[in-house]
Number of protein chains: 2
Amino acid sequence: MAENLERTNLPVAAPVHDGRLARGSRTRQALLDAAFFEIYEQGFRSASLNEIIRKAGCTKGSLYHHFPDKHALGLAAVADHMGAHIDQTWIEPLARTDDPLTSIRLIIKRYANEEQGIDPLRGCPFQNLSQEMSGIDKDFQSYFTDLFNRWRGAIAAALARGQAKGTVRKDIDPECVATLVVASHQGITSMIKATQDRNVGQAAATAFFDYLDSLRP
Amino acid sequence: MAENLERTNLPVAAPVHDGRLARGSRTRQALLDAAFFEIYEQGFRSASLNEIIRKAGCTKGSLYHHFPDKHALGLAAVADHMGAHIDQTWIEPLARTDDPLTSIRLIIKRYANEEQGIDPLRGCPFQNLSQEMSGIDKDFQSYFTDLFNRWRGAIAAALARGQAKGTVRKDIDPECVATLVVASHQGITSMIKATQDRNVGQAAATAFFDYLDSLRP
DNA sequence: TAATAAATACCAACTGGTCGGTTTGTATAA
DNA sequence: TTATACAAACCGACCAGTTGGTATTTATTA
């Protein structure tokens, strides 16, 4: 139990009684949460600090007490929410399976069923933000590259394990397939958002699942 | 001939000599071009009208003489540039082939070789804009949906023709595969932009070409 | 008291958009 | 051919509102 807590990246729960630190960390977390959702919906540049402090229920002074500027707030908010999502949704399930193709299929299905806390019509946070910020901000860009590499690496490792266990064809390159899996996932969520039509996702998923099956021995 | 001219929506080519109309349409086109590239690079909301008129070499008054507001300018600029690109790159080549899988492979290769006038590190204009504007603007959204449907429809029709001619497996659903082709293309360009690394595209393309080959009889 | 946290008031810069007025090209008519 | 009338094209100062960010003051608690 203690080990589980240690392994998470989530901040240790603040003490229930009011104190200087507790109050401060609550305000800080409220700012992180509000910033993440505002940035998720509006994008970083269009996200308004005034709206963020309104949602967080605090003032400009508080914000600039906890963060030096908008850039730092955005980066902190993104890291606080997005890394955990990829970890829980992709990396952990893939780490303990010998049949990665089935696992990938299951994960994608969960997105389609909207069990991942992501509204497909609003797009994937990773997708939304990396599209906007890559190429204009080095810090965001390198964070996304790292996250992407962890994501792709976890899929590739699982595929290689599948090859060893006989659940995946041995003549495919795990790295290349892993990259295509991530790209397809991103592309499908992107098309759903672009058309505002969930059926597009169903159609693409049908073909994508056929592709996954073609990777079996 | 007259019929052909009537069918196009393009403005009749402006006379070379200077005249009221010629000057006006040149300014208008300069605004459309400047707006498109500014919007392509910055996104619609972050695109600055002041920057657009600076690039176009005209003034606020000119801009608002030709367009009622930023929204109309953006829509006109996008329609002026993006529809033509999809037509030339995808729809026309696919319309006259009986071997669509080879054609698709060739088109994607041209993107990778940067022969399409698109810098992969800056992303695909369709991708960039549809991500930003879908869900927050009905006009942009329906334009993108239409364009997407034409795009997907052209691929599906070519695939069906391939099935009839024996170059494509008969047990696949052209609509679903076409959707996945578009989604994968979008996803791959998206990942290249996100990581700012062209090699990611190479890896994904390798796996994607294997997928295309798996669709042959 | 000392230090942290939060609130208030404010700033310059920039946003999309407006408006009165000027320039430019063309059609008409003497 | 030249003067006149007119409208399209263009200009740039200006508007109200918003942006991210700052300086100062007040409240809270160890």
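Anything mentioned here points back to the structure above.
Calculation rules
Numbers given for residues are sequential positions, taken from 1 along each chain in its written order. For this description, chains carry letters from A and ligands carry numbers from 1, given in the order in which they are written. Where totals are concerned, whole chains, interfaces and linings use all residues; where local detail is concerned, this predicted model gives features only for residues with pLDDT of at least 70, and gives and counts side-chain atom pairs only at 80 or more. Side-chain calculation: all heavy atoms of the structure are included, whereas hydrogens and water are not. Put simply, a salt bridge is a Lys or Arg side-chain nitrogen that is within 4 Å of an Asp or Glu carboxyl oxygen. Put simply, DSSP marks the helices as runs of H or I at least four residues long and the strands as runs of E at least two long, and each gets a number from the N terminus on. In this scheme, a residue with accessible area under 20% of its type's maximum is buried, one over 50% is exposed, and one in between is partly exposed, where area comes from a 1.4 Å probe on protein chains only. Aromatic contacts are taken between Phe, Tyr and Trp rings whose centres are within 6.5 Å, Trp giving its six-membered ring; a plane angle under 30 degrees counts as stacked, one over 60 as edge-to-face, and the others as tilted. In superposing the copies, a least-squares fit is computed on C-alpha atoms, taking residues whose pLDDT is at least 70 in both. Any two residues whose heavy atoms approach within 4.5 Å are treated as being in contact. Each axis is a line fitted through C-alpha atoms, taken for helices only over the stretch in contact, and angles between the N-to-C directions span 0 to 180 degrees. Any angle between 65 and 115 degrees counts as roughly perpendicular, while under 35 counts as roughly parallel, over 145 as roughly antiparallel, and the rest as oblique. Rotating anticlockwise by less than a right angle from the far helix to the near helix defines a left-handed crossing, while the corresponding clockwise rotation defines a right-handed one. One less than the residue count of a helix, multiplied by 1.5 Å, gives the span that helix is expected to have. Values of bend correspond, residue by residue, to the angle between axes fitted over the seven residues ending at that residue and the seven starting there.

**Q** Looking at this structure, I do not really get the pattern of salt bridges. What am I missing?
**A** Close approach of charged atoms allows side chains with opposite charge to pair. Residues and elements named next belong to chain B. Counted under the stated rule, the structure contains 26 salt bridges over all chains. Among the salt bridges present, the one from Asp99 reaches Arg216, with a minimum N-O distance of 3.4 Å. Taken together, the residues Asp99 in the loop between α5 (70-95) and α6 (100-112) and Arg216 in the segment after α10 (198-213) connect sequence positions 117 residues apart. Here Asp99 falls in the partly exposed class, since its relative accessible area comes to 24%.

**Q** I would appreciate a short explanation of the packing of aromatic side chains in the present structure.
**A** By convention here, two paired aromatic rings are described through the distance between centres and the angle between planes. Enumeration over the complete set of coordinates arrives at 23 aromatic pairs over all chains. Between Phe126 of chain A and Phe144 of chain A, the aromatic rings sit 5.8 Å apart at their centres with planes inclined by 85 degrees, giving edge-to-face as the arrangement. Placement of Phe126 of chain A in helix α7 (residues 125-133) and of Phe144 of chain A in helix α8 (residues 138-165) is noted, with a sequence separation of 18 residues between them. Judged on exposure class, the residue Phe126 of chain A and its partner Phe144 of chain A are both buried. Ring centres of Phe140 of chain B and Phe144 of chain B lie 6.3 Å apart, and the angle between their planes is 35 degrees; on these two criteria the pair is classed as tilted. Placement of the pair is Phe140 of chain B and Phe144 of chain B together in helix α8 (residues 138-165), with a separation of four residues, close to one helical turn. The exposure classification of Phe140 of chain B matches that of Phe144 of chain B, with both residues buried. Linked through ring pairs, Phe44, Trp90, Tyr111, Phe126, Phe140, Tyr143, Phe144 and Trp151 of chain A together constitute an aromatic cluster.

**Q** I'm lost on the relation of the copies chain B and chain A in this one. Help?
**A** Here the second copy of the chain follows from the first by a rotation about an axis and a shift along it. Between chain B and chain A, the superposition needs a rotation of 180 degrees and an axial shift of 0.0 Å, giving an RMSD of 0.0 Å. Taken together, the rotation angle and the small translation identify this as a two-fold axis. Minimal C-alpha distance to the rotation axis in chain B is attained by Gly187 of chain B, lying at 1.8 Å. Interface overlap between copies is the fraction of interface residues in one copy that are interface residues in the other; for chain B against chain A it reaches 100%, indicating a shared surface.

**Q** Is there a simple way to think about the packing of helix α9 (residues 174-195) of chain B against α10 of chain B in this case?
**A** Each packed pair of helices is defined by two parameters, the angle between the axes and the distance between the axes. All names here are of chain B. Contact geometry for α9 and α10: axes closest at 8 Å, N-to-C directions at 160 degrees. One way to sum up the angle between α9 and α10 is to call them roughly antiparallel. Of the two elements, α9 crosses α10, and the hand of that crossing is right-handed. The segment α9 lies against α10, with Val177, Leu180, Val181, Ser184, Ile188, Met191, Ile192 and Thr195 engaging Arg198, Val200, Gly201, Ala204, Ala205, Phe208 and Tyr211.

**Q** Looking at this structure, how should I read helix α5 (residues 70-95) of chain A?
**A** Residue pairs spaced three or four apart in an α-helix point in one direction, given the helix's 3.6 residues per turn. Here α5 of chain A spans 35 Å end to end across 26 residues, near enough to the 38 Å set by a 1.5 Å rise per residue. Where α5 of chain A bends most, at Asp87 of chain A, the angle is about 40 degrees.

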